[in-house]
Protein chains: 2
Amino acid sequence: MNLKSQVEWALHCCAILAGLPEGRYLSTKALAEFHGLPKEYLSKALQGLSQAGLVNTTLGPTGGYRLARMPAELTFLDIVEAVEGKSRTFICNDIRANNPCRPAGFCEEGPCAIARIMWEADEAWREKLRSVKLSDLVETLSKDIPRDLWKSSFEWVLDRAG
Amino acid sequence: MNLKSQVEWALHCCAILAGLPEGRYLSTKALAEFHGLPKEYLSKALQGLSQAGLVNTTLGPTGGYRLARMPAELTFLDIVEAVEGKSRTFICNDIRANNPCRPAGFCEEGPCAIARIMWEADEAWREKLRSVKLSDLVETLSKDIPRDLWKSSFEWVLDRAG
DNA sequence: GCCAATAGGGATATTCTATGTCCTTAATAG
DNA sequence: CTATTAAGGACATAGAATATCCCTATTGGC
């Protein structure tokens, strides 16, 4: 059970977009080059962000992506769900219905107890991701990344932002 | 990103095994029939439980599986990890290393900030599963399941337990 | 108006995992 | 001795993840 690598890509891309000056856009090409990713496939992840309304896009040269909200208004969960989907990790196939002792036509009400517990764990996972904002990530990165690298990366991005 | 259906199977099987009288065993065949599952494939899940030390097995007619510990000493996490594995859902491919601004040979220390956050969410998921015991499940099921069905299921299992 | 670059998205190929089946081996109860 | 079991290896199938390619409409700069 692994998350798509696109989730990782989307998070890194959002971190970059968070540093973009207001009103400017960064293209898939630039994001792919910066992260060493296949441009066409990364594009699918970015389309996911776009369809979820997390980013705005514009066409043409100088076109690309920018965040649709402030980094403090974007959670990890928003980004993860935009790419990975909102479905739960535990799928209940209701195998209790196969119990040979079950009276014919009998139907238990409500979801299986096992599913309820597994779904609570899924919700704990989501709740954790919901509690972390993109702005928190940027703050952490600004401490983690050496000042020189941070600065040169910012300039690299600005050079390519339309 | 879905858990294997084997996880669901293993949890249901453990719930049944929890009701088995001390010293008796229940076969794959009986567990598969009770849940309407393919016997050979369910066997793989049960082998996972066995390898993790959660159940004991014995061979021959009257052979099968029984819990290796009391239901209060078995957590959902134990069972889930025995079947699904212990790996995290988020795989960090360290794409920050592709940053074109990076000095040659430069190597950031420690895991990426994004990975750390995603791993915290994974840990929240595990922590929730760790907090639920098999005995909790049995207690819930005993309330959920109509008394008649509970009783007849128990007898069905006892008939087949070696 | 024209050209180049862009996002969007459909079609297709490839690889990997999950799912499921089949068969052999060793152990065990009756 | 026989029937039944768990363990596990080999193999087949289905579906998802991971790409790649191509076409379309839009847009900015000339």
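Residues numbered from 1 in each chain as written. Chains lettered and ligands numbered in written order. Predicted model: local features only at pLDDT ≥ 70, side-chain atom pairs only at ≥ 80, totals over all residues. Heavy atoms only, no water.

Caption draft 1: Inspection of the protein's contact with DNA strand C at higher detail. The full set close to DNA strand C counts 27 residues, and A:Lys44, A:Ser50, A:Gln51, A:Leu59 and A:Tyr65 are the nearest of them. Near the protein, within 4 Å, the atoms of DNA strand C are sugar or phosphate in 61% of cases. Between DNA strand C and A:Thr28 there is a distance of 3.0 Å, counted from a phosphate oxygen to a backbone nitrogen or oxygen. Those elements that provide at least two residues to the surface near DNA strand C are α2 (28-35), α3 (39-51), β1 (55-58) and β2 (64-67) of chain A together with α1 (5-17) and α3 (39-51) of chain B. A total of 4 residues in the surface near DNA strand C trace back to one element, the largest contributor, which is α3(A). Residues of the surface near DNA strand C, tallied by class, amount to 9 nonpolar, 13 polar and 5 charged. (Near = heavy atom within 4 Å. Polar contact = N/O pair within 3.5 Å; in protein donor to acceptor, adjacent residues only side chain to side chain. Helix = DSSP H or I, 4+ residues; strand = E, 2+ residues; numbered from the N terminus. Nonpolar A, V, L, I, M, F, W, Y, C, P; charged D, E, K, R; others polar.)

Caption draft 2: Fine view of the pattern of salt bridges. Residue and element names in this part refer to chain A. Tallied over the full model, the rule gives 21 salt bridges over all chains. Note that Arg96 is salt-bridged to Asp94, the shortest N-O span being 2.8 Å. Judged by relative accessible area, which is 18%, Arg96 ranks as buried. Of the residues examined, Asp94 reaches a relative accessible area of 31% and is grouped as partly exposed. Between Arg130 and Glu127 there is a salt bridge, with the nearest N and O atoms lying 2.4 Å from each other. Taken together, the residues span about one helical turn, with Arg130 and Glu127 both in helix α5 (residues 113-130) at a distance of 3 residues. Look at Glu127 and you get partly exposed, because its relative accessible area is 41%. Taken together, the shared-partner salt bridges in this structure form one network comprising Glu123, Arg126, Glu127 and Arg130. (Salt bridge = Lys/Arg side-chain N within 4 Å of Asp/Glu carboxyl O. Buried < 20%, exposed > 50% of the residue type's maximum accessible area, 1.4 Å probe, protein only.)

Caption draft 3: Spotlight on the packing of helix α6 (residues 134-144) of chain A against helix α5 (residues 113-130) of chain B. Where α6(A) meets α5(B), the closest approach of the two axes is 9 Å, and the angle between their N-to-C directions is 135°. When the interaxial angle is binned, α6(A) and α5(B) end up oblique. Across the interface between the two elements, A:Leu137, A:Thr140, A:Leu141 and A:Asp144 from α6(A) touch B:Ala113, B:Ile114, B:Arg116 and B:Ile117 from α5(B). (Axes fitted to C-alpha atoms, helices over the stretch in contact; angles between N-to-C directions. Parallel < 35°, antiparallel > 145°, perpendicular 65-115°, else oblique. Contact = heavy atoms within 4.5 Å.)

Caption draft 4: Geometry of the protein's contact with DNA strand D. In the vicinity of DNA strand D there are 26 residues, among which A:Tyr41, B:Lys44, B:Gln51, B:Leu59 and B:Tyr65 approach most closely. Sugar and phosphate atoms constitute 61% of the interface atoms of DNA strand D, taking the interface as everything within 4 Å of the protein. One of the side-chain N or O atoms of B:Gln47 is found 3.3 Å from a base nitrogen in DNA strand D. In the model, a base oxygen of DNA strand D is placed 3.4 Å from a nitrogen or oxygen of the B:Pro61 main chain. Among the secondary structure elements, those contributing two or more residues to the surface near DNA strand D are α1 (5-17) and α3 of chain A together with α3, β1 (55-58) and β2 (64-67) of chain B.

Caption draft 5: Molecular detail of the pairing of β2(B). In this sheet, β2(B) lies alongside β1(B) in antiparallel orientation, the contact comprising 4 bridges. Counted as the bridge partner of B:Thr57 is B:Tyr65 from β2(B). (Pairing = 2+ DSSP bridges.)

Caption draft 6: Fine view of the interface of chain A and chain B. On the side of chain B, 59 residues touch chain A, which itself brings 59 residues to the contact. Of the roughly 5000 Å² buried where chain A meets chain B, counting both sides, 70% is carbon and sulfur surface. Inspection of the chain A/chain B interface yields 4 salt bridges. Note that B:Asp144 is salt-bridged to A:Arg116, the shortest N-O span being 3.2 Å. For the interface between chain A and chain B, the tally reads 18 residue pairs in polar contact (both at pLDDT 80 or more). Of all the elements in the fold, those that place two or more residues in the side of chain A that touches chain B are α1, α2, α4 (76-84), α5, α6 and α7 (147-160) of chain A. (Buried area = accessible area lost by both parts, 1.4 Å probe.)

Caption draft 7: How the structure looks around the packing of aromatic side chains. Enumeration over the complete set of coordinates arrives at 4 aromatic pairs over all chains. Between the aromatic rings of A:Phe34 and A:Trp156, the centroid separation amounts to 5.3 Å while the plane-to-plane angle is 55°, which identifies the pairing as tilted. Of the two residues, A:Phe34 sits in helix α2 while A:Trp156 sits in helix α7, which places them 122 residues apart along the sequence. With respect to burial, A:Phe34 and A:Trp156 carry one shared label: buried. Over the aromatic face of A:Trp156 sits the side chain of A:Arg160, whose NZ or CZ is 3.8 Å from the ring centroid. Sitting above the plane of the B:Trp119 ring, B:Arg88 keeps its charged end 3.9 Å from the centroid. (Phe/Tyr/Trp six-rings, centres within 6.5 Å; stacked < 30°, edge-to-face > 60°. Lys NZ or Arg CZ within 6 Å of the ring centre and 35° of its normal.)

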